[in-house]
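Reading the structure
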Amino acid sequence: QVQVVESGGGLVQPGVSLRLPCVALGSIFGIMGWFRQAPGRQREFLSRITAGGTQTYADSVKGRFNISRDSNNMMELKMNNLKPEDTADYYCNALSVKRVRSGGFWGQGTQVTVSS
């Protein structure tokens, strides 16, 4: 069975940094990425990274967030200079190279609250 788990969220002050790790187990994964969903809003794409390390960022987080990945299905989103508008539930997504689920596999989410 495939399992995707995020962690690292919490309540933080504006301007600080957070690291959100994600581990994806049970398959071989190609693209992995991050999404977020704020209360009452639609899910928003943030970033993705290929198995070869090619990174893509949404304009809203480009220059502040950094996505990285190791060789053991471990991915991390480094979020810098956090702002109140970054408050959301953050979700990890992983695409299996076996294509058993076209939309990928999702983690349970980790909540990030940025408030003074």
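Residues numbered from 1 in each chain as written. Predicted model: local features only at pLDDT ≥ 70, side-chain atom pairs only at ≥ 80, totals over all residues. Heavy atoms only, no water.

Per the secondary structure count, the protein includes 0 helices and 11 strands. Helices and strands appear in the protein in the N-to-C order β-β-β-β-β-β-β-β-β-β-β. Over its C-alpha trace the protein gives a radius of gyration of 14 Å, about what one expects of a compact globule, namely 13 Å for 116 residues. The proportion of buried residues among the 116 residues of the protein is 40%. A separation threshold of at least 6 residues defines the contact pool for the protein, and within that pool the share at least 24 residues apart is 54%. A total of about 6400 Å² of accessible surface is found on the protein, and carbon and sulfur atoms cover 46% of it. On the protein, the mean spot of the 13 positive side-chain charges and the mean spot of the 8 negative ones are 6 Å from each other. (Helix = DSSP H or I, 4+ residues; strand = E, 2+ residues; numbered from the N terminus. Rg over C-alpha atoms; globule rule 2.2 N^0.38 Å. Buried < 20%, exposed > 50% of the residue type's maximum accessible area, 1.4 Å probe, protein only. Contact = heavy atoms within 4.5 Å. Areas by Shrake-Rupley, 256 points an atom, 1.4 Å probe, with all protein chains shown as cover. Lys, Arg positive; Asp, Glu negative; His and termini not counted. Charge placed at Lys NZ, Arg CZ, Asp CG, Glu CD.)

Before going further, it helps to spend a moment on the pattern of salt bridges. Two side chains bearing opposite charge may form a pair once their charged atoms approach each other closely. What the rule picks out here adds up to 5 salt bridges. Across the salt bridge formed by Arg-19 and Glu-76, the nearest N and O atoms sit 3.1 Å from each other. Note that Arg-19 is positioned in strand β3 (residues 18-25) and Glu-76 in strand β8 (residues 74-79), a separation of 57 residues in sequence. Taking relative accessible area as the criterion, Glu-76 reaches 21% and is therefore assigned partly exposed. Among the charged side chains, a salt-bridge network with shared partners connects Arg-36, Glu-44, Arg-64 and Asp-86. (Salt bridge = Lys/Arg side-chain N within 4 Å of Asp/Glu carboxyl O.)

To continue, consider the sheet that holds β8. Consider a sheet: its strands pair through backbone hydrogen bonds, and that pairing is either parallel or antiparallel. Pairing within the open sheet is antiparallel, and its 4 strands lie in the order β1-β3-β8-β7. At either margin of the open sheet sits one strand with a lone partner, and together these are β1 (3-6) and β7 (65-69). Sheet twist, expressed as the mean angle between neighbouring strand axes with direction ignored, is 15°. As defined by bridge partners, β3 adjoins β8 across 6 bridges and the pair is classed as antiparallel. Bridging across to β8, Val-23 finds its partner in Met-74. (Pairing = 2+ DSSP bridges. Axes fitted to C-alpha atoms, helices over the stretch in contact; angles between N-to-C directions.)

Our focus in this paragraph is unusual backbone geometry. The residue Asn-81 is not glycine, and still its phi comes out positive at about 50°. The class of Asn-81 is partly exposed, set by a relative accessible area of 38%.

Glancing now at the pairing of strand β4 (residues 29-37). Burial within β4 is extensive, with 7 of its 9 residues counted as buried. Relative to strand β9 (residues 88-96), β4 runs antiparallel, the two being bridged by 7 bridges. Bridge pairing links Gly-33 to Asn-93 in β9. Of the strand pairs in this sheet, β4 and strand β5 (residues 44-49) are connected by 5 bridges, and their pairing is antiparallel. Each bridged residue has a counterpart across the sheet, and for Met-32 the counterpart in β5 is Ile-49. Connecting β4 to the next strand, β5, in antiparallel fashion are 6 residues, including Gly-40 with a positive phi near 75°.

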